[in-house]
Amino acid sequence: MADSASPGHSGDGETRRDFLFLAAGALGVVGTVAAVWPLIDSMNPAADVRALSSTELDLSPVEVGQRITVTWRGKPIYVDHRPQKEIDAARSVNIDELRDPQADEDRVQKAEWLIVIGICTHLGCLPKGQKVGDPRGEWGGWFCPCHGSHYDTSGRIRKGPAPLNLHVPPYEYLDDTLVRIG
Amino acid sequence: MSEFKSNNAVIKWIEYRMPIFSFLDDAIGRGYPTPRNLNYWWNFGSLAGVALVIMIATGIVLAMQYTPHATMAFDSIERIMRDVNYGWLLRYVHSNGGSFFFLVVYIHIFRGLYYGSYKEPRELLWILGVVILLLMMATAFMGYVLPWGQMSFWAATVITNLFSAIPVFGDQIVTWLWGGFSVANPTLNRFFSLHYLLPFVIVGVVVLHIWALHRFGSNNPIGIDAKGPQDKIPFHPYYTIKDAFGFGVFFIAFAAVIFYAPNLFGEPDNYVEANPLATPAHIVPEWYFLPYYAILRAIPNKLLGVVAMFGSILIYFVLPWIDRSPVRSARFRPIYKQFFWIFVADCVLLGYVGANPPEGQFLLIGRLATAYYFLHFVIVFLLSYLERPRPLPSSISEPVLKGGGAAAGAAAKPMEKV
């Protein structure tokens, strides 16, 4: 009995015990992680939530100069049917001066339709400018009332604490006036 | 008693300000001397702890997906099963976890009955255990109601109606329990609230249970007190590794049910949404309530049936004073040992009767088994005086060292009285 437990054969018994200890411990860690993962993953979006991940939008009733808001994945999507003057304003900017340099051409698929996620990139408020009479900020785009971020007519950050331009969601034109977001 | 030492600077820094490491060491570490002869029946306490942790962990994430409303509860459960990531797994772990929790706890209780773990000085430890059992039963019952299937609804109706047996105030009490004039949405809401609360109350009582345990340490298969350090070994690594081995065996059985027979313990009727206008033809509780259900139905009087059912558990509170034999372990109580196994068989028989309709032979068997259930405690009381125990070994280590099993120390010190 004492013989089997004794680490008498120097080194040999020691390394085997160490190996068993580490191997058992490692397997325990792997097993624990595998057991905990379903608990964590259950908090990720469920299948019914993921199924609602695209929104179709008909642009035909939207007049020039009109802005509308639709929801996609529970977020507001700002759609701006831009008049030529707003397009010109957005395209005449020196891109190098921008905080988050991006050309207007890279932010739209058709020049007259700007489609962005209407969430301020600072801390998640909804910038004003969608309704008639809303403040639109110094560049005529959107103005966030929470901490004073100004966005231009391309939805780019121009002034205030927000670090990035309003994000452009993934979208595609199904035909001339039908857009699928997501 | 604390001989905890560490060379780790961080551990020493914390230990000086809050001696949590020596506390843990005394609780489940090298600083907790434990009888050297514990057998595998002593694994079931730690297994119950693991089951409680599993139930709370899965229950918390399930509560994030569940809607406690009469019109939405059933659908939210189906959403958990179909749409939520791993929702099927979490729900099956939680629903079968209840069964395994009870299985483990019942074995734990029978172990205590066999080895006399409820006897002086562990009466309070035992009583706290009975409190935990009652809390578990309330929690399990209310959890079973939450899916709002037919079995859920009618279980809620029947069990809450038990309280209508209370003289004079019965109806008012039941209306109060329901929050209305039948089991309905207010009932579901409060059951959800309490189902979330009670497990944490159980955790609190488990802490007390372990506290009381550590006052005198575990009982052991021989049932005599340790005579000195030679009778004990440190909890860690000896019993941590033994408990861990038990966890592995437990998880194999648990996984087999979850993955291959997840509805083994369930009733198909509970996949039908609650209908207050139609009682299922044959309603039965979960298996772990069947013996009590059989006792309830055995007595043809509403109030007495309810009293007998609750009495079948409440009697454990006074068991330490019913059994007056100074010898703890049934190993040295040849007659008690036989009655213990008859009692186990009687409990299983009650469960079998509880699963069957209360008519014909089952009614008769149920009544006999119920009568025997209570008679057992009379027998235990009488055996305290009538039984002549076998001689006890003089120490825990003696039979181990002589290698002759329990009988080895027979001659050494006959009839030790505590």
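Residues numbered from 1 in each chain as written. Chains lettered and ligands numbered in written order. Predicted model: local features only at pLDDT ≥ 70, side-chain atom pairs only at ≥ 80, totals over all residues. Heavy atoms only, no water.

Once that is clear, we can look at the overall build of chain B. Looking only at helices and strands, chain B has 15 helices and 2 strands in total. A compact globule built from 418 residues would reach a C-alpha radius of gyration of about 22 Å, and chain B, at 24 Å, matches this within 12%. Each of the three principal axes of chain B carries a C-alpha extent, and together these read 70 × 60 × 40 Å. By residue count, 50% of the 418 residues in chain B fall in the buried class. With an accessible surface of roughly 20400 Å², chain B has 71% of that area assigned to carbon and sulfur atoms. Between the mean site of the 29 positive side-chain charges and the mean site of the 23 negative ones, chain B shows a separation of 9 Å. (Helix = DSSP H or I, 4+ residues; strand = E, 2+ residues; numbered from the N terminus. Rg over C-alpha atoms; globule rule 2.2 N^0.38 Å. Buried < 20%, exposed > 50% of the residue type's maximum accessible area, 1.4 Å probe, protein only. Areas by Shrake-Rupley, 256 points an atom, 1.4 Å probe, with all protein chains shown as cover. Lys, Arg positive; Asp, Glu negative; His and termini not counted. Charge placed at Lys NZ, Arg CZ, Asp CG, Glu CD.)

For the rest of this paragraph, the subject is empty space enclosed by the protein. Residue and element names in this part refer to chain B. In total, this model carries 3 cavities of 30 Å³ or more according to the counting rule given. For the largest cavity, the calculated volume is near 890 Å³. For the largest cavity, the lining is made up of 41 residues, of which His94, Ser95, Gly143, Tyr144 and His195 are closest to its centre. Elements with a minimum of two residues in the lining of the largest cavity: α3 (44-63), α4 (73-82), α5 (87-115), α6 (123-145) and α9 (185-216). For the lining of the largest cavity, the leading source of residues is α5, giving 9 residues. (1 Å grid on protein atoms, 1.4 Å probe; cavity = no way out; pocket = protein on both sides within 12 Å on 5 of 7 lines; lining within 4 Å. Points joined across faces, edges and corners; volume = space filled by probe spheres on them.)

Glancing now at the pattern of salt bridges. Applying the stated criterion to the full structure yields 15 salt bridges over all chains. A salt bridge links A:Arg158 to A:Asp152; the shortest N-O distance between them is 2.7 Å. The class of A:Asp152 is buried, set by a relative accessible area of 2%. Salt-bridge contacts for B:Glu387 lead to B:Arg333; the nearest nitrogen and oxygen are separated by 2.8 Å. Remark: B:Arg333 occurs in the loop between α12 (302-322) and α13 (334-354) and B:Glu387 occurs in the loop between α14 (361-386) and α15 (397-402); sequence separation between them is 54 residues. When its relative accessible area of 0% is taken as the criterion, B:Arg333 is described as buried. (Salt bridge = Lys/Arg side-chain N within 4 Å of Asp/Glu carboxyl O.)

Right, let's get into the interface of chain B and chain A. The interface is formed by 12 residues belonging to chain B together with 13 residues belonging to chain A. Here chain B packs against chain A, burying approximately 1000 Å² in sum over the two surfaces, 60% of which is carbon and sulfur. The three residues of chain B that bury the most area against chain A are B:Asp83, B:Asn85 and B:Tyr86, which together make up 48% of that side's buried surface. In this assembly, chain B and chain A are joined by 1 salt bridge. Between A:Asp48 and B:Arg79 there is a salt bridge, and its shortest N-O distance comes to 2.5 Å. Summed over the shared surface of chain B and chain A, the number is 7 residue pairs in polar contact (both at pLDDT 80 or more). When residues in the side of chain B that touches chain A are grouped by element, the largest group, 3 residues, is from α3(B). (Contact = heavy atoms within 4.5 Å. Buried area = accessible area lost by both parts, 1.4 Å probe. Polar contact = N/O pair within 3.5 Å; in protein donor to acceptor, adjacent residues only side chain to side chain.)

On to the sheet that holds strand β5 (residues 140-144) of chain A. Residue and element names in this part refer to chain A. Read across the open sheet, the 3 strands follow the order β5-β6-β7; overall the sheet is antiparallel. The sheet terminates laterally at β5 and β7 (157-159), the two strands that pair on one side only. Between one strand axis and the next, the sheet turns through 35° on average, direction left out of account. Pairing between strand β6 (residues 149-152) and β7: 2 bridges, direction antiparallel. (Pairing = 2+ DSSP bridges. Axes fitted to C-alpha atoms, helices over the stretch in contact; angles between N-to-C directions.)

As a further point, take the sheet that holds strand β4 (residues 113-117) of chain A. Residues and elements named next belong to chain A. Strand order in the open sheet made by the 3 strands is β2-β3-β4, with antiparallel pairing throughout. Each edge of the open sheet carries a strand with a single partner, namely β2 (67-72) and β4. Averaged over all pairs of adjacent strands, the angle between their axes in this sheet comes to 25°, without regard to strand direction.

Next up on the list: the domain arrangement of chain B. Residues and elements named next belong to chain B. Looking at chain B, the domain boundaries give domain 1 (30-278) and domain 2 (284-395). Interface area, domain 1 with domain 2, both sides summed: about 3800 Å², of which 69% is carbon and sulfur. Looking at the side of domain 1 facing domain 2, the largest losses of area belong to Tyr114, Lys119 and Leu162, adding up to 18% of the total buried there. At the boundary of domain 1 with domain 2, the tally comes to 2 salt bridges. Residue lysine 119 is joined to aspartate 323 by a salt bridge in which the shortest nitrogen-to-oxygen separation is 3.1 Å. Our enumeration of links across domain 1 and domain 2 arrives at 16 residue pairs in polar contact (both at pLDDT 80 or more). Its residues assigned to classes, the side of domain 1 that touches domain 2 shows 28 nonpolar, 9 polar and 8 charged. (Domains from an automatic or database assignment. Nonpolar A, V, L, I, M, F, W, Y, C, P; charged D, E, K, R; others polar.)

Between B:Glu120 and B:Pro121 the backbone carries a cis peptide bond, its omega angle lying at 5°. Examined against the element boundaries, B:Pro121 turns out to sit in the loop between α5 and α6. Geometrically, the link from B:His236 to B:Pro237 is a cis peptide bond, its omega value of 5° lying close to zero. Inspection of the secondary structure puts B:Pro237 in helix α10 (residues 235-260). Phi angles above zero are rare outside glycine, and A:Arg73 is one such case at about 55°. Its place among the elements puts A:Arg73 in the loop between β2 and β3 (75-81).

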